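# Analysis of the macromolecular model
Spelled out from the first residue to the last, the chains are:
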Amino acid sequence: MKLDAKIPAGPLADKWNNHKAKMRLVTPTNRRRYHIIVVGSGLAGSAAAASLAEMGYEVSCFCYQDSPRRAHSIAAQGGINAAKNYQNDGDSVRRLFLDTIKGGDYRAREANVYRLAQVSTSIIDQCVAQGVPFAREYGGLLANRSFGGAQVSRTFYARGQTGQQLLLGAYSALSRQIGAGTVKMYTRHEMLDLVLVEGQAKGIVTRDLVTGEIKAWASDVVVLCTGGYGNVFYLSTNAQGCNVTATFRAHRRGAGFANPCYSQIHPTCIPVHGEDQAKLTLMSESLRNDGRVWVPKNSADCAKPASEIPEEARDYFLERKYPSYGNLAPRDISSRAAKEVCDEGRGVGQVVDGKRLGVYLDFSAAIKRLGESAIRERYGNLFDMYENITGENAYRQPMRIFPAVHYTMGGLWVDYNLQSNIPGLFVGGEANFSDHGSNRLGASALMQGLADGYFVLPYTVTDYLAGVGLSGRPSVDRPEFKAVVKEVEERTHWFLNNNGNRSARSYHKELGKIVWEKCGMTRDKAGLEGAIRDLQALRDDFWKNIKVVGAGNQLAPELERAGRVADFLDFGIMMCLDALTREESCGGHFRTEYQEAGEAKRNDDTFAHAAVWEFKGEGNLPKRHTEPLTYEEVQLTTRSYK
Amino acid sequence: MVKPSEQSSHDSERTLALRLRVWRQLRGGEGHFEEYSLAAVPVSASFLEMMDMLNEQLIREGKDTIAFDHDCREGICGMCSMTINGMPHGPIPGVTTCQLHMRNFRDGETITVEPWRARAFPVLKDLAVNRSAFDKVIQAGGFITVRTGSAPEANNTLIPKPIADEAMDAAECIGCGACVASCKNGSAMLFVGAKINHLNILPQGQPERERRTLAMVKTMDDAGFGNCTNYGECQAHCPKGITLDVIAKLNRDYLRARVKDFFSSTGKARKGGE
Amino acid sequence: MSASSCYKNCQPASIGKKIIMALSGLVLAGFVFGHMIGNLTVFKGAAAINEYAEWLHAHPGLLWVARSVLIVSVIAHIWSGVLLTIENRIARAGGPAVEVTRQASLSSRTMPYSGVIILAFIVFHLLHFTFRKIALGGQEFGADVYKMIIAGFSQPAVALFYIASMILLCLHLSHGISSVFQTLGLRNQRWRGRLDVVATAYGWVIALGFISIPLAVLLGQLK
Ligand SMILES: Cc1cc2nc3c(=O)[nH]c(=O)nc-3n(C[C@H](O)[C@H](O)[C@H](O)COP(=O)(O)OP(=O)(O)OC[C@H]3O[C@@H](n4cnc5c(N)ncnc54)[C@H](O)[C@@H]3O)c2cc1C
Ligand code: HEM
Ligand code: SF4
Ligand code: FES
């Protein structure tokens, strides 16, 4: 597998501009003769599809929801970073770059991250022009807040619905192009495979989820913006349909998958309430500004109501362990600390699966200090949401929270141009691995999705198209397409006819439990090896006993689910393998063997690289390759939050 | 209905036995209600988790599952859409189907679950309907034309906070369609009004204001939605608290656009058709 | 817009129909107020109301302008009302099996019905008092409007139909008047409640104003 990052030469700050100036162009009259497939309509996909169509290309865009506006970007709450320095607090492109590299625990590519920081300012301009109603000051200027422990206020936000508003902006741009006929939008279409012709990505195969039609689409280039794979854990803050299928199918066709073991766990989610739960809900991290995190010192107290546990019997473990950051310790550190106390048997809340997985987030001190109305003003909607879901009033009793999977940093490997190792296959947004290293800073995923979609892919895809020329698009009648369609049809047929006895959801749950336990907040060698064995067994069982009800020519949610779970199973094995072979701790990847005084211990000598996995055939383990990460401008240091 | 705050903190141990009357329909076919019993539903489960349980039970019985739309399950994507006991998104105001929890139902209760009903939202299967008419309305004018990369510096446009807040109030619409489903006229005025209100009050939205309004209303009409007669059911069922104000403003903007259009002049004598 | 496409494009949009509905409704609502004030002169005695009637007939220009505006309004109101009602039935596609109403008032839900009955009433009313095709009370009254009123309302059936129709008019107006403000874009959350009160009050003023006459006749106060 050839992994050439194609990082342009020259000083870091000039790379992108120099590169843009050198890239090839396509004349306007020729553009409509190129067909571009964009899979995904989230921030990255909508932005890319709309921008490319504006330039004059013929674009087809696909998503599995019933409208492009429902991509899971819609759920992002907190905000989006940009180095505007509107607050005059010393922010700059360079500082955003440094923060992002450091936040990623030095496992991201310098040049990509620098470009991200550079284009961040244009994103805000673009979104404001589209009518995104960002929060404002009374003078009419844009407001900012500090987010995720950043020292500067560079986060732009629209109440608690920033992702929604940014997506609606991108969706409106996309809609304008659909209305103008330059984008053909295919909703309720799931990409089930990628088609290569002579080693280049030249199309996809989809299933129309309404009619069941399986169809091949040919294009000059394929852009995947299909989001993250957090749902491999079954319970996550992702949407139900989020899947790894699109990227994993591309992986099976030869695309390298980078760093699958990097996943981010968010500390403030509503705990699991029961066996039948299908989804975890995130609550804004801002709650930790006024809430104190604790558990009982004594596990015998865990079943008691919080009010019956006296002050001296409470363990404010974040304040105890991290006196300088206290309850505001970073996401991964707070999450692990919560897991630790629960593993010690000091968790609170309902017993699920024999354990109490929750810690208190207590506002009583803040309510006493500031008054209930002040707290209501700050967090009223979150308290309401919490009450709606749990039936508990957090003004009277402490909230219960627990970490949940929230974001995945790994993804398809891409070079500086966001092109995978398969020529003609570009990957944007959460689906690629490019900018966040082993841990993502708050408010930077939205930034990356829009940067990729609006400001990177339109240039780099054009450069690629100029290179392949006009004769590049094959016909769907070619044998390559027919063969893939046949494979997909056979798989579909097999699912619908297998005489099994177990539902896809039950496999998914079991898969989720295994990876959450063994490849979640903490990992270790024995656990990961066991997990790989368990997953292999589970996969074998799946391919024997899966039961799929429904008809092939109707909406068939069970068929969709089975296909996604099948890919998650294979993917889960690769994820554990990646975690096993990365013998260090970094960012969201915490190997218990590699720590120093409870903190993650990186091994920069051996592991300052991206691990890229190559598919080696059905049932075989994938092969590990590496892309070394060289740091020219940044000094590698150790994080400390003590 | 039990007020959530009066519940004990460990209500998950309480369960319900339910009877469900669910609408079943294949694409292009006639629909009917089917009845199911479901036992041991934890009150802490969400409504959709209850439906998942029912579906798992159907799978065990070898029967086809009930198709329904859902995705984020946190009340923001607008995909979930069930009329529960006659109420789009169910009995709790301001809550989407996916955020509705079973503690709001009684043991032994019969719950009727139907799809959104409106001519413009044909049923695809069971509880899932086709809402692409909403997308068409947005495609007709629910945008501000701005080419990627051509935007001016963001802080060049000053927007008073109250205006930004008002735009945001309207922009919170999740496009779920409960307004149409609850409207006795099958009207989409709340949805369209929300989008018009978001864009038409912002300075960036002014150049296309009239054009946008006329085009979106025309597309709305062509899609087969009904006409507003100011019932207010939409507002009472909207999970995001969008109010009738947006409809009043849509009406006003429409009138204004029509009048402007009527008196508009090209500055030149017209030659033939346009 | 070319002439040939006008047929399709000139059919007013949903909101256009609503605006026609509101403006014509407003004219009619204004008219009923004037009409009621005129009628109430009956309480000043036979001479007063007969004078008022004579005055009207002495100004045929004015009368016909008013009548034309009314006729146009009634036709526009009914035409758009019928279209709206039919289109809305179709758009609703039957509705859910369980029908729940959270906010829509009784008056709003019965607009077409109250409207149709009012229409029936108007037809009857015109035949009775304007065209005098239905001779209630038997005689030719000539210019003596007062006598005609007394004779008509002395028949309990006529008086009761009149009273019932006015109550329906009250119902129609208590949604209609507030609705006009909404339709013309002149209502918001703050004013909605207040306008609803104003509309209901207006409806009752009109209805009670009209009803007072047959009631007085029935109770023997007007002879
Ligand atoms: C609850 C939550 C809160 C968050 N808050 C923040 C925040 O405050 N700030 C921040 O910066 N980031 C936040 N994030 C992260 C951020 O929202 C996401 O990383 C980002 O929006 C991903 O955008 P995307 O365009 O890559 O993918 P998505 O928005 O997930 O879009 C994926 C698209 O691909 C389509 N698709 C997927 N698979 C297929 C397939 N097989 N076939 C066809 N189509 C397919 C989907 O239909 C969809 O259109 C949050 C994430 C979550 C879950
Ligand atoms: C004196 C007679 C009448 C008066 C004063 C009157 C007044 C009004 C008013 C003010 C409205 C509100 C318009 C709006 O929605 O903005 C209205 C609506 C309506 N009227 Fe009348 N009207 C009268 C007669 C009729 C008649 C005869 C009919 C039917 C045959 C009718 C049917 C309707 C209907 C269907 C509506 C629409 C309901 C709605 O949009 O909510 N009305 N009327
Ligand atoms: S206005 Fe309310 S009910 Fe209608 S689509 Fe928007 S959020 Fe849903
Ligand atoms: S599933 Fe997204 S709003 Fe209900």
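Provided above is the structure to which this section pertains.
What counts as what
Residues numbered from 1 in each chain as written. Chains lettered and ligands numbered in written order. Predicted model: local features only at pLDDT ≥ 70, side-chain atom pairs only at ≥ 80, totals over all residues. Heavy atoms only, no water. Helix = DSSP H or I, 4+ residues; strand = E, 2+ residues; numbered from the N terminus. Contact = heavy atoms within 4.5 Å. Areas by Shrake-Rupley, 256 points an atom, 1.4 Å probe, with all protein chains shown as cover. Lys, Arg positive; Asp, Glu negative; His and termini not counted. Charge placed at Lys NZ, Arg CZ, Asp CG, Glu CD. Near = heavy atom within 4 Å. Nonpolar A, V, L, I, M, F, W, Y, C, P; charged D, E, K, R; others polar. Buried < 20%, exposed > 50% of the residue type's maximum accessible area, 1.4 Å probe, protein only. Pairing = 2+ DSSP bridges. Right-handed = clockwise from strand over helix to strand, strands pointing away. Axes fitted to C-alpha atoms, helices over the stretch in contact; angles between N-to-C directions. Donors = N, O, S within 2.8 Å, 3.2 Å for Na, K, Ca; no water. Tetrahedral: all angles 85-135°; square planar, octahedral: opposite > 155°, others 65-115°. 1 Å grid on protein atoms, 1.4 Å probe; cavity = no way out; pocket = protein on both sides within 12 Å on 5 of 7 lines; lining within 4 Å. Points joined across faces, edges and corners; volume = space filled by probe spheres on them. Buried area = accessible area lost by both parts, 1.4 Å probe. Salt bridge = Lys/Arg side-chain N within 4 Å of Asp/Glu carboxyl O. Polar contact = N/O pair within 3.5 Å; in protein donor to acceptor, adjacent residues only side chain to side chain. Core = buried A, V, L, I, M, F, W, Y, C linked by side-chain atoms within 4.5 Å. Phe/Tyr/Trp six-rings, centres within 6.5 Å; stacked < 30°, edge-to-face > 60°. Lys NZ or Arg CZ within 6 Å of the ring centre and 35° of its normal.

Counting its regular elements, chain B contains 8 helices and 7 strands. Along the longest, intermediate and shortest principal axes, the C-alpha atoms of chain B span 75 × 45 × 40 Å. If you take every contact in chain B between residues at least 6 apart in sequence, the share linking residues at least 24 apart comes to 69%. With the model as given, the accessible surface of chain B reaches about 9800 Å², and the carbon-plus-sulfur share is 52%. On chain B, the mean spot of the 33 positive side-chain charges and the mean spot of the 33 negative ones are 7 Å from each other.

Here we take up the site of ligand 3. Residues and elements named next belong to chain B. Taken together, 13 residues lie around ligand 3, and Cys173, Cys176, Gly177, Cys179 and Cys238 are the ones closest in. Going through the elements one at a time, helix H4 (178-182) and helix H5 (189-200) are the ones with two or more residues in the shell around ligand 3. Class assignment for the residues of the shell around ligand 3 results in 11 nonpolar, 2 polar and no charged.

Before going further, it helps to examine the pairing of strand S1 (residues 35-39) of chain A. Residue and element names in this part refer to chain A. Judged by how many residues are buried, S1 sits mostly within the fold: 5 of 5 residues are covered. Burial along S1 is two-sided: the residues His35, Ile37 and Val39 and Ile36 and Val38 are all buried. Here S1 runs beside strand S2 (residues 58-62); their pairing, made up of 5 bridges, is parallel. Bridge pairing links histidine 35 to glutamate 58 in S2. Note on the crossover from S1 through helix H3 (residues 43-55) to S2: the handedness is right-handed. Sheet analysis places S1 next to strand S9 (residues 221-224), joined by 4 bridges and oriented parallel. Bridging across to S9, isoleucine 36 finds its partner in valine 221.

With that out of the way, let us pick up the sheet that holds strand S5 (residues 183-186) of chain A. Residue and element names in this part refer to chain A. The sheet built from 5 strands is open, its strands ordered S5-S2-S1-S9-S19 with parallel pairing. In the strand order of this sheet, the two ends are held by S5 and strand S19 (425-427), each with one partner. The sheet shows a mean angle of 20° between the axes of neighbouring strands, direction not considered.

Residue and element names in this part refer to chain C. Only His77 (NE2) and His172 (NE2) from the protein reach the iron atom of ligand 2 as donors, at distances of 2.0 to 2.1 Å. One way to put it: the 6 donor atoms around the iron atom of ligand 2 meet at angles of 83 to 180°, and that makes the site octahedral. You can see histidine 77 sitting in helix H4 (residues 60-92) and its partner histidine 172 sitting in helix H8 (residues 156-183), a full 95 residues away along the chain. Of the two residues examined, histidine 77 and histidine 172, each falls in the buried class.

Taken as a whole and assessed by the stated rule, the structure comprises 17 cavities of 30 Å³ or more. Its boundaries defined by the atoms lining it, the largest cavity holds a volume of some 490 Å³. Contributing to the lining of the largest cavity are 33 residues, with A:Pro557, A:Glu560, A:Arg561, A:Arg564 and B:His70 lying nearest its centre. If you list the elements that add at least two residues to the lining of the largest cavity, you get helix H14 (504-519) and helix H16 (557-581) of chain A together with helix H1 (47-60) of chain B. Broken down by element, the lining of the largest cavity gets its largest block of residues, 7 residues, from H16(A). As a volume, the second largest cavity reaches approximately 170 Å³. Looking at the second largest cavity, it is lined by 16 residues, and the ones nearest its centre are A:Leu192, A:Arg491, A:Phe495, A:Leu559 and A:Gly563. For the lining of the second largest cavity, the elements supplying multiple residues, two or more each, are strand S6 (189-197), helix H7 (245-252), helix H13 (479-497) and H16 of chain A. When the residues that make up the lining of the second largest cavity are grouped by side-chain class, the tally is 6 nonpolar, 3 polar and 7 charged.

Each side of the interface is counted separately: chain B has 79 residues, and chain A has 81 residues. Here chain B packs against chain A, burying approximately 6800 Å² in sum over the two surfaces, 51% of which is carbon and sulfur. Where chain B meets chain A, there are 8 salt bridges. Looking at the side of chain B that touches chain A, the elements with two or more residues in it are H1, strand S6 (123-125), strand S7 (128-129), helix H2 (132-141), helix H3 (161-171) and H5 of chain B. Sorting elements by how many residues they give to the side of chain B that touches chain A places H3(B) first, with 7 residues. When the residues that make up the side of chain B that touches chain A are grouped by side-chain class, the tally is 34 nonpolar, 23 polar and 22 charged.

Take the site of ligand 1 next. Neighbouring ligand 1 are 39 residues, the closest being A:Ser41, A:Gln65, A:Ser73, A:Met191 and A:Glu430. More than one chain lines the surroundings of ligand 1; the residues nearby belong to chains A and B. Residue A:Gln77 places a main-chain N or O atom 3.5 Å away from a nitrogen atom belonging to ligand 1. Considered on its own, ligand 1 offers 1000 Å² of accessible surface; in the complex 97% of this is hidden by protein. Mapped by element, the contributors of at least two residues to the shell around ligand 1 are H3, S6, strand S17 (399-408) and helix H12 (445-468) of chain A. A total of 3 residues in the shell around ligand 1 trace back to one element, the largest contributor, which is S6(A).

Turning our eyes to something else, we now look at the sheet that holds S17(A). Residue and element names in this part refer to chain A. On the basis of which strands lie adjacent, the open sheet formed by 5 strands has the order S11-S17-S16-S12-S13 and antiparallel pairing. Edge positions in the sheet fall to strand S11 (263-269) and strand S13 (314-315), since each of these pairs with one other strand and no more. Sheet topology places S11 next to S17; 5 bridges connect them, and they run antiparallel. From the neighbouring strand, glutamine 264 faces S17, where its bridge partner is tyrosine 407. Along the sheet, helix H9 (residues 331-346) makes contact with S11, strand S12 (292-296), S13, strand S16 (359-362) and S17, crossing S11 at roughly 70°.

One finds A:Ile36, A:Ile80, A:Phe134 and A:Leu425 to be the most contacted residues of the largest nonpolar core, which totals 229 residues. If you look at the next biggest cluster of nonpolar residues, it comprises 35 residues, including C:Ala29, C:Tyr146, C:Ala159 and C:Ala216.

To continue, consider the pairing of S16(A). Residues and elements named next belong to chain A. Taking every second residue as pointing to the same face, both faces of S16 are buried, with Val359 and Leu361 on one and Tyr360 and Asp362 on the other. Alignment of S16 against S17, held across 3 bridges, turns out to be antiparallel. Note that in S17 the partner of leucine 361 across the bridge is methionine 399.

Here we come to the interface of chain C and chain B. Listed as interface residues are 39 residues of chain C and, on the opposing side, 51 residues of chain B. In total, chain C and chain B occlude about 3600 Å² of area from one another, counting both sides; carbon and sulfur atoms represent 50% of this. A per-residue breakdown of the area chain C buries against chain B is headed by C:Ile15, C:Arg92 and C:Arg102, which together make up 20% of the total. Counting the contacts that link chain C with chain B gives 1 salt bridge. For B:Lys184, the salt bridge identified is with C:Glu99, shortest N-O distance 2.7 Å. Inspection of the region where chain C meets chain B yields 27 residue pairs in polar contact (both at pLDDT 80 or more). Elements with a minimum of two residues in the side of chain C that touches chain B: helix H1 (6-9), helix H2 (14-40), H4, helix H5 (106-109), H8 and helix H9 (189-218) of chain C. Here the residues of the side of chain C that touches chain B are counted per class, giving 14 nonpolar, 15 polar and 10 charged.

Here the structure, examined in full by the defined rule, presents 43 aromatic pairs over all chains. With centroids separated by 5.1 Å and ring planes inclined at 80°, the aromatic side chains of B:Trp23 and B:Phe33 adopt a geometry described as edge-to-face. Of this pair, B:Trp23 sits in strand S1 (residues 15-24) while B:Phe33 sits in strand S2 (residues 32-42), placing them 10 residues apart in sequence. Residue B:Trp23 is classed as buried on the basis of its relative accessible area of 13%. When the ring of B:Phe262 is compared with that of B:Phe263, the centres are 5.1 Å apart and the planes differ by 85°; the resulting orientation is edge-to-face. Classification of B:Phe262 as exposed rests on a relative accessible area of 67%. Aromatic rings pair up to connect C:Phe121, C:Phe124, C:Phe129, C:Phe153, C:Phe161, C:Tyr162 and C:Phe210 into one cluster. A cation sits over an aromatic face here: A:Arg376 above A:Tyr395, 4.2 Å from the ring centre.

Looking now at the environment of A:Asp91. Residue and element names in this part refer to chain A. Relative to the assigned elements, aspartate 91 resides in the loop between strand S3 (80-81) and helix H4 (93-103). Dropping the residues within four chain positions of it, aspartate 91 is found in contact with Ala82, Ala83, Asn85, Leu96, Val152 and Arg154. Looking at aspartate 91, its side chain comes within polar contact range of the side chain of arginine 154, at 2.9 Å.

In short, shape yes, function no, at least from these values alone.
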